[in-house]
Amino acid sequence: MQVQWRLLIACGGLAFWAQSAAGLQLTTEEYPPFNMRELKSGAEVLSGVSVDKVRELMRRAQQSYQINLYPWTRAYQLALVHDDSCVFSTTRTPEREALFKWVGPLVQNNWTVFARADDKRRPHKFEDLKPYVMGGYQTDAVGEYLKLQGLQVDLAASDSDNLRKLLSKRFDYWATGELAGHWLIKSHQLQGKIVPLFNFRHTSMYLACNIKMPQDKITQWNAILREMERDGTVEAIEKKYR
């Protein structure tokens with residue numbers, strides 16, 4: 001099996017897509033610890049809980065593929081319009097259900113509200129958030145959910161932008177995935193300045209494939225993922241990132 005993958009940032013993405021060789025195109029975003037860029041031995045590599053699981057899944061399926069890293073909105077839209085494509089890690093919501101064919105779940109993901117540590121206000125449940133402006137980011141399931149629930153949402157281009165916006169009081173609270181939030185806080189050395197308040201929803205994230213993806217592939221990939229759970233591979237991958 002020949003496997004190719006490249007990290008693509010913003011402007012080069014669409015040109016690469018048009019020129020890429022035939023094969024499965026997998027798109028993702030920078031969303032640690034699930035999908036992220038890291039420097040190893042001086043080279044930039046793509047890693048994370050979901051990335052490692054998808055790579056092993058495709059290896060067992062003997063499926064050639066490329067993994068392309070984009071801002072989330074682009075990664076999501078490319079998978080919507082290209083037949084030979086999937087996007088991860090994608091939260092499976094009722095609004096998205098009919099838009100994709102689903103492989104997973106890859107990972108579990110609690111949604112969490114974060115606050116400035118010096119903010120004396122302390123909402124304790126989701127209903128307490130109604131008077132406030134929430135921070136989210138574009139095309140993300142958390143922000144979409146907040147808007148559907150009638151909350152005011154300030155959407156950033158990427159989730160990492162919300163750290164600065166929260167600390168500068170551009171909005172009141174930040175809502176994001178629990179593990180991703182803690183990872184971003186740690187990576188920006190903001191421990192003690194931004195703190196979690198409470199979890200408000202439990203969700204699962206998937207490999208979301210274009211609706212025209214052959215169903216036999218979807219069935220095969222789901223079966224392989226179940227096999228990876230049974231033989232301990234999934235647990236071993238998750239343990240690496242705890």
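You'll find the structure just up there.
None of these values were measured; they are calculated from a predicted model.

What counts, and at which threshold
Residues numbered from 1 in each chain as written. Predicted model: local features only at pLDDT ≥ 70, side-chain atom pairs only at ≥ 80, totals over all residues. Heavy atoms only, no water. Helix = DSSP H or I, 4+ residues; strand = E, 2+ residues; numbered from the N terminus. Rg over C-alpha atoms; globule rule 2.2 N^0.38 Å. Buried < 20%, exposed > 50% of the residue type's maximum accessible area, 1.4 Å probe, protein only. Contact = heavy atoms within 4.5 Å. Areas by Shrake-Rupley, 256 points an atom, 1.4 Å probe, with all protein chains shown as cover. Lys, Arg positive; Asp, Glu negative; His and termini not counted. Charge placed at Lys NZ, Arg CZ, Asp CG, Glu CD. 1 Å grid on protein atoms, 1.4 Å probe; cavity = no way out; pocket = protein on both sides within 12 Å on 5 of 7 lines; lining within 4 Å. Points joined across faces, edges and corners; volume = space filled by probe spheres on them. Nonpolar A, V, L, I, M, F, W, Y, C, P; charged D, E, K, R; others polar. Pairing = 2+ DSSP bridges. Axes fitted to C-alpha atoms, helices over the stretch in contact; angles between N-to-C directions. Parallel < 35°, antiparallel > 145°, perpendicular 65-115°, else oblique. Left-handed = near helix turned anticlockwise from the far one by under 90°. Polar contact = N/O pair within 3.5 Å; in protein donor to acceptor, adjacent residues only side chain to side chain.

Student: It is not clear to me how the overall build of the protein chain should be interpreted in this structure. Could you clarify?
Tutor: Along the backbone of the protein chain there are eight helices and 10 strands. Against the compact-globule benchmark of 18 Å for 242 residues, the protein chain has a radius of gyration of 18 Å, which places it among compact chains. Each of the 242 residues in the protein chain was classed as buried or not, and the buried ones make up 52%. Counted over contacts in the protein chain with a minimum sequence separation of 6, partners at least 24 positions apart contribute 73%. Element-wise, carbon and sulfur atoms account for 50% of the exposed surface of the protein chain, whose accessible area totals about 11,400 Å². Between the mean site of the 32 positive side-chain charges and the mean site of the 27 negative ones, the protein chain shows a separation of 2 Å.

Student: Would you mind showing me how to read empty space enclosed by the protein here?
Tutor: Where empty space is left in the structure can be found by rolling a water-sized probe over the atoms. What the rule picks out here adds up to one cavity of 30 Å³ or more. Reported here for the largest cavity is a volume of approximately 70 Å³. Taken together, 15 residues form the lining of the largest cavity, with Ser 89, Thr 91, Asp 140, Ala 141 and Met 205 sitting closest to its centre. Of all elements in the fold, only β5 (85-91), β6 (100-116) and α4 (141-148) reach the threshold of two or more residues within the lining of the largest cavity. Its residues assigned to classes, the lining of the largest cavity shows seven nonpolar, five polar and three charged.

Student: In this structure, what is going on with the sheet that holds strand β8 (residues 152-156)? I would like to understand it.
Tutor: One key point about sheets: their strands pair by backbone hydrogen bonds, in either a parallel or an antiparallel sense. One open sheet accounts for eight strands, arranged β4-β1-β5-β10-β6-β9-β7-β8; its pairing is mixed. At either margin of the open sheet sits one strand with a lone partner, and together these are β4 (65-69) and β8. Across the sheet, the mean angle from the axis of one strand to that of its neighbour is 25 degrees, orientation sign disregarded. Against the sheet, helix α7 (residues 215-230) makes contact with β1 (24-28), β5, β6 and β10 (194-210), and its axis sits at roughly 60 degrees relative to β6, the strand it touches most.

Student: Explain the environment of Asp 231 to me, please; I cannot follow it from the model alone.
Tutor: Within the secondary structure layout, Asp 231 lies in the loop between α7 and α8 (233-240). When its relative accessible area of 43% is taken as the criterion, Asp 231 is described as partly exposed. Separated by 138 residues in sequence, Asp 231 and Thr 93 have C-alpha atoms that sit 28 Å apart.

Student: Please clarify how the packing of helix α2 (residues 49-61) against α7 should be interpreted in this entry.
Tutor: The description of two packed helices rests on the angle between their axes and on the distance between the axes. Packing of α2 against α7 leaves a shortest axis separation of 10 Å and a crossing angle of 115 degrees. Here α2 is positioned roughly perpendicular relative to α7, judged by the angle of their axes. When you trace α2 past α7, the crossing you get is right-handed. For the pair α2 and α7, the contacting residues are Lys 53, Glu 56, Leu 57, Met 58, Arg 60 and Ala 61 in the first and Gln 220, Trp 221, Ile 224, Leu 225, Glu 227 and Met 228 in the second.

Student: How should I be thinking about the side chain of Thr 27 in this particular structure?
Tutor: Here Thr 27 lies in strand β1. Among the polar contacts made by the side chain of Thr 27, one reaches the main-chain carbonyl oxygen of Ala 75 at a distance of 2.9 Å.

Without other data, these values stay purely geometric and don't point to any function.
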